[in-house]
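Listed below are the residues making up each chain.
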Protein chains: 2
Amino acid sequence: MNHAPPLMLLLAATLGGAALPAAQAAPAARQAPAASATAPVLVTAAQWTQMRAEGARSPLFAKEQQRAEQRVRAMMKAGIDVPVPKDKGGGYTHEQHKRNYQAIQAAGALYRLTGDKAYATFARDLLLGYAKLYPGLGAHPQGRGQIPGRLFWQTLNDSVWLVSAAQGYDAIRDTLSDADRTTIDDNVFRAMADFLSGTPENFDKIHNHATWAVAAVGMTGYVLRDTSYVDKAMQGSKRDGSAGFLKQVDQLFSPDGYYEEGPYYQRYALAPFILFANAIERNEPQRGIFKRRDGVLLKAVDALVQSSYGGYFFPINDAILDKGLDTEELVAGIDIAYAQTGDARLLSVAKTQKRVLLSPEGLQVAQALADNKAKPFAFVPTLLRDGPDGTEGALAILRMGGENGQALVMKNTKQGMGHGHFDKLNWLFYDNGQRVVTDYGAARFLNIEAKAGGIYLPENSSWARQTIAHNTLVVNEQSHFGGDWKKGQPLAPTPLLFAVSDDTQIASARMEGAYDGVSFTRTQALLSHPSLGEPVVLDLLRVTGSKAARYDLPLHFNGHIMDVGFKTQSAVAARPVLGKANGYQHVWIDAASEPTSEARSLTWLLDGRFYTYRFASTAPSRALIGESGANDPSFNLRREPMLLQRVDGQAVTTFYGVLEPHGQYDGTAETVRGANSRIDRLTHYRGKDADVLVLDLAGGKQLAVGIADDPAKGGSHEVSGGGHSWRWDGGWKRFDTGTRTGKDGK
Amino acid sequence: MNHAPPLMLLLAATLGGAALPAAQAAPAARQAPAASATAPVLVTAAQWTQMRAEGARSPLFAKEQQRAEQRVRAMMKAGIDVPVPKDKGGGYTHEQHKRNYQAIQAAGALYRLTGDKAYATFARDLLLGYAKLYPGLGAHPQGRGQIPGRLFWQTLNDSVWLVSAAQGYDAIRDTLSDADRTTIDDNVFRAMADFLSGTPENFDKIHNHATWAVAAVGMTGYVLRDTSYVDKAMQGSKRDGSAGFLKQVDQLFSPDGYYEEGPYYQRYALAPFILFANAIERNEPQRGIFKRRDGVLLKAVDALVQSSYGGYFFPINDAILDKGLDTEELVAGIDIAYAQTGDARLLSVAKTQKRVLLSPEGLQVAQALADNKAKPFAFVPTLLRDGPDGTEGALAILRMGGENGQALVMKNTKQGMGHGHFDKLNWLFYDNGQRVVTDYGAARFLNIEAKAGGIYLPENSSWARQTIAHNTLVVNEQSHFGGDWKKGQPLAPTPLLFAVSDDTQIASARMEGAYDGVSFTRTQALLSHPSLGEPVVLDLLRVTGSKAARYDLPLHFNGHIMDVGFKTQSAVAARPVLGKANGYQHVWIDAASEPTSEARSLTWLLDGRFYTYRFASTAPSRALIGESGANDPSFNLRREPMLLQRVDGQAVTTFYGVLEPHGQYDGTAETVRGANSRIDRLTHYRGKDADVLVLDLAGGKQLAVGIADDPAKGGSHEVSGGGHSWRWDGGWKRFDTGTRTGKDGK
């Protein structure tokens, strides 16, 4: 095989990293001839030298190194353990192989950072263990899915093993005898890279599992100076560009850096993209990988941070609620993105992570933080378009009041494959640092043996993914697309509007095809007003169907009910269940009301703040109050309250509402202020081709918003009612009226 | 009336506080003759001068002063508003009179701290407003209870008004014209002091409401130099010692400083004791009030801090869960106790409070904190005896692992009057900073209008106070004492044991008379062992009744159920209610099991830690899993899980169990360790007059505890079973056995 190109690359890289006195670069230079084929390339010798020299002076980096030393020392004491693969995820051999690849990577880094040969020897001995074990392995006995791994039950885990081990091996490869190096090159790295790249049903997919595989093979290629691996990684196993890393970069992220499965999986998918891109940048800077598609990989890091509140990712689709900005994957993302951009906002994220990579990028971040260079990360209203071309829906994020202020998330995205939930035009709301209008996330207890070994629970399909478990329209007690994600995958909502001003932020989208013959359009706005304590959420959902149906609109909220502002019959002595299927079987009913078209209200208290939700519909609706947890004999579900608005026997109806955060309860000082809503009345008026929602505010002011049936279109609209008339051109308009008897404010 | 003594006192006080250069004391000295009758006595002129000189240099004190300035400035801007009393608690006139007394006190202090006469003028004008209003007032129109107030619906609030206003008035009294001074002296302070001391049905009670009254009258006496008020305050309205402050100090606290209503009310009751004692100490140091009963008032402050976990008070009896160390009342307690003792542990409490008094004591604390003198407050195992003589039960607090370690609270106290719950030998458990075995506290939303104006809700009687809502024995679905606190008041549990060593802490008590013919004895231990991850709680409850009955033992826990270690029939599609009355009507049943004598287990997850509870009884028991919230149409209750053990048709039975915290779940790193219990088996053996509980631990070790039927008595005991024999002398013994086949460890 041809060694020349890698050699060139190596020198380029070494020089690239060598903004250093010759003295420091010397060790690498001294044995230049040998070095050409064995010196580190994923992190250059010069960069290691610099980290060794400067790392100790940066507290965050030094602490990271200590942590790694403790971990590896403990494993060195325990001795080499490379068991024959046997167990599935969570089992002993699974966890041991996981510990091993972490140890190989860490030991390689520690050898470079401390100069202590013992680390290199430990990494070598572990790898020699795999050199004995691996060649004899067939498919894993617990092989999962069509593509079993060899060390692990899933090929995915094998890929992750190789991505980590390659980095550790790179750091110690020039310390090995030719015999050991050849043994490990061939029996571990080539063998695994051949297995992965020889499994096109995984390797050539446009999917994040494949990204781990190509990253593993590509990094192996750099380390072994074997361009054939690099080519396969870039172009796919056929080396024709029909698959591989470049195509993945082009297809798996939207132009705004949104990943279709949502933030929780974006966090996981991002890691191999960023790690491999960083390896490419170091070895083949001329590819300009971080500039590809207008810098989409760096946008993806930024988009992921924007997709969070209070440090936690918006839990749309299959998501674990406690995942957030401090996850390991994002540590890599932030460090590498900062090294590329020098964007000081990222440092404040790194600060909350309290972790850095043991890499040149990690050192840069640690040094910048030590120099107090961090700037606050600006959380701002953001529209993240979905789909490779940005044409398949969008995630609309409205924000006021900064980090712990109001965040309204409208989920107008595409399905997001098998991990997507059936919740078109769903919404979430955050305020005062809390989840107020919630998404259940995934029904899963990650890695908890007692809960089915930590995999997705049956309730993930029977509840968490179902439409009723979300805050959007359910027709005839069926979930969107009949609960079949493959049906949903090609059908995305159409974004109609996204506008931001000082006192008004508004977004709108339409969904067709979630149900046969049903189209629904939802417009939501975040509105501030001097008469209001906090900004409020206005919600207008207009559904038109081909025939009479049952329309349910759930609201899942977080807090303790303070006041039920409508008459109910309560199920106090025996608690019935809402329905039989599609998630309805998991809802206990606490109370139900008779149908009416009058606006109702519900007030709850959360972390010292009151939330009053006023809601109504143009056709008479019932209001039900319920709680999740029915038909859950294994206690797999969290028990959370919900409100359900139900309209029966209509083909066309419009749901509208306003959610108002207000007041402050201080349990320590025993004081309450603003316990009463500042909204006296919510009214809806219908025109020919538009709606107006009117808020009568305490103190006499009036706030109205006019919304055309197609907010994306121009044209003039007029709506009259209650002695008023509202006229506007375009898709929508806000009207501020001085007094209730006055006319248009503008 | 005789002015001499007060004059003497005044000088004593002034000199007492005057550890200052003459120059600074000068202003007070210059007009000595007038000063004798008008200079401040609750805080001396010299002390004010010192605060004015040094306060700005102590951040905490300076911030407190700023806060006060903002508050008072705003009210000065709004202008004088002294409305005719009309509304009840929470209403406008109630809140305004509350704001006014806070303003009078703050304005007086600010005048002294800033020298700005405007503050003195504002306080004067407010008081002149009351001088006009008060003399004409009769009983409050909303008069509550037998003893209506005049400014407020309760006399209690009138007393608090006077305690605060007297302090503000004291600070400005020497700035007034003789005319104004006489007007305010007579028409406000004498009038109110006469009203309060002239209402013996309140003033002469041995109750904390009376403490506010005597403090108000006594402080008025010092300010007006009228010893008759001071005498009444000390000795009662008859001045014969049959009532008054000294008797209250002797009777309302136990010798260990425990207050029978529990920590939540102790916090409130403590304030007037400490404030008035401080005034006494300043004006009549020769009384040695803080030394009375071996310093019981200072012990009460310490006991209150010990009665907390994670900053919150143990919520026994009627208690709001979010009340803790940062409440205003305890700010006064900590500042004044520190000034008396110089105990640096108290400073770390003050640090968490982030508040200080605008008083010499507050300044001392602020200065000590600025000098970093704070020492950690040592949370240690503590037995707080109950009753004036310490002979009416006790609160037993077992602790391991310090502040956020394990805390086991055994509620072996007396009834605690009308705010007491029916939960003899109830227990609470804390671990890892969390509430693990819980007490519901009070069913009340303090000051929240929507929840019955913030008073105790009907569910406080129907649920929160009932025995079933606690973690102790219920017989035949009746609450202790038939739910009549007056029956319970004379009957306290008998403490039998309280012992503490490095690896073992144990407490025991017996209750008789909670039910006719029923005696139950409960022994609980906190045990650490090298084979265990964390200390575990051992629980032995032996009940002997005169006839067959239904014995229920509830456990209210906090967390998400991970594993139900026994067979159940689940109520998944329709949820029944546990019973009809005494709180049973508020429990939904989720699952129930058949009777067995085999030990069962339940595992839950809370904040990343697992808790496995193993439980059994000598007679066959059913296990039920339920949740609070049934028959609650107004959503007044929190919904919390519970486990219920039920033995039917027995006269004598023994419940036993072990609660084990174990493992760590890290959602960020996606790692779990120690998810499995380290206890393989829990066994019970019965001897002639003793029980042995045996824990088989992972790794083969065995831990056994022998407990005599009367752990308070000596004598030798022997219990045999499972090929073992355990012998010991005395009430109890711990046995550590090397292997399961071995014999006694000691």
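Just so it is clear, the model here is predicted, and its values are computed rather than measured.

Parameters and conventions
Residues numbered from 1 in each chain as written. Chains lettered and ligands numbered in written order. Predicted model: local features only at pLDDT ≥ 70, side-chain atom pairs only at ≥ 80, totals over all residues. Heavy atoms only, no water. Domains from an automatic or database assignment. Helix = DSSP H or I, 4+ residues; strand = E, 2+ residues; numbered from the N terminus. Expected span 1.5 Å × (residues − 1). Contact = heavy atoms within 4.5 Å. Polar contact = N/O pair within 3.5 Å; in protein donor to acceptor, adjacent residues only side chain to side chain. Phe/Tyr/Trp six-rings, centres within 6.5 Å; stacked < 30°, edge-to-face > 60°. Buried < 20%, exposed > 50% of the residue type's maximum accessible area, 1.4 Å probe, protein only. Lys NZ or Arg CZ within 6 Å of the ring centre and 35° of its normal. Buried area = accessible area lost by both parts, 1.4 Å probe. Salt bridge = Lys/Arg side-chain N within 4 Å of Asp/Glu carboxyl O.

Participant: Quick question: what am I supposed to make of the domain arrangement of chain A here?
Facilitator: Note: interface size is frequently given as the accessible area lost on complex formation between the parts. Assigned domains of chain A: these are domain 1 (40-252), domain 2 (268-377), domain 3 (382-677) and domain 4 (678-746). Between the C-alpha centres of domain 2 of chain A and domain 4 of chain A there is a distance of 44 Å.

Participant: What exactly am I supposed to notice about helix H7 (residues 117-133) of chain A here?
Facilitator: Structurally, the α-helix is built with 3.6 residues per turn, so residues lying three or four positions apart point the same way. Residues and elements named next belong to chain A. The end-to-end C-alpha distance of H7, which contains 17 residues, comes to 24 Å, matching closely the 24 Å that a straight helix rising 1.5 Å per residue would cover. Elements in contact with the buried residues of H7: helix H5 (59-78), helix H6 (92-114), helix H8 (155-172) and helix H9 (178-197). Two or three places before Ala118, at the start of H7, stands the capping residue Asp116, its side-chain oxygen 2.8 Å from that residue's backbone nitrogen.

Participant: Quick question: what am I supposed to make of the packing of aromatic side chains here?
Facilitator: The description of an aromatic ring pair rests on the distance of the ring centres and on the angle between the ring planes. Residue and element names in this part refer to chain A. Tallying each qualifying case throughout the model produces 40 aromatic pairs over all chains. Ring centres 5.1 Å apart and planes at 55 degrees place the aromatic pair Phe377 and Phe379 in the tilted group. Of the two residues, Phe377 and Phe379, neither departs from the other in class, the shared state being buried. Taken together, the ring pairs connect Tyr222, Phe245, Phe253, Tyr259, Phe273 and Phe276 into an aromatic cluster. Positioned above the aromatic ring of Tyr264 is the side chain of Arg267, whose terminal nitrogen or guanidinium carbon lies 4.4 Å from the ring centre.

Participant: Sorry, what's going on with the environment of Asn631(B) here?
Facilitator: When you line up the elements, Asn631(B) lands in the loop between strand S18 (622-628) and strand S19 (641-662). As a C-alpha pair, Asn631(B) and Thr175(B) span 456 residues in sequence and 61 Å in three-dimensional space. Sequence-distant contacts of Asn631(B), that is, excluding residues within four places in its chain, are made with Val572(A), Ala573(A), Val577(B), Gln585(B) and His586(B).

Participant: Even after reading the chapter, I still don't get the interface of chain A and chain B, so can you show me in this structure?
Facilitator: Counting residues at the interface gives 47 residues for chain A and 47 residues for chain B. Carbon and sulfur atoms supply 54% of the area buried between chain A and chain B, which totals about 3,800 Å² over both sides. Applying the counting rule to chain A against chain B returns 4 salt bridges. For Arg639(B), the salt bridge identified is with Glu627(A), shortest N-O distance 3.4 Å. Linking chain A to chain B there are 13 residue pairs in polar contact (both at pLDDT 80 or more). Going through the elements one at a time, helix H14 (263-283), strand S13 (560-564), strand S15 (587-592), strand S18 (622-628) and strand S21 (671-673) of chain A are the ones with two or more residues in the side of chain A that touches chain B. Sorting elements by how many residues they give to the side of chain A that touches chain B places S13(A) first, with 5 residues.

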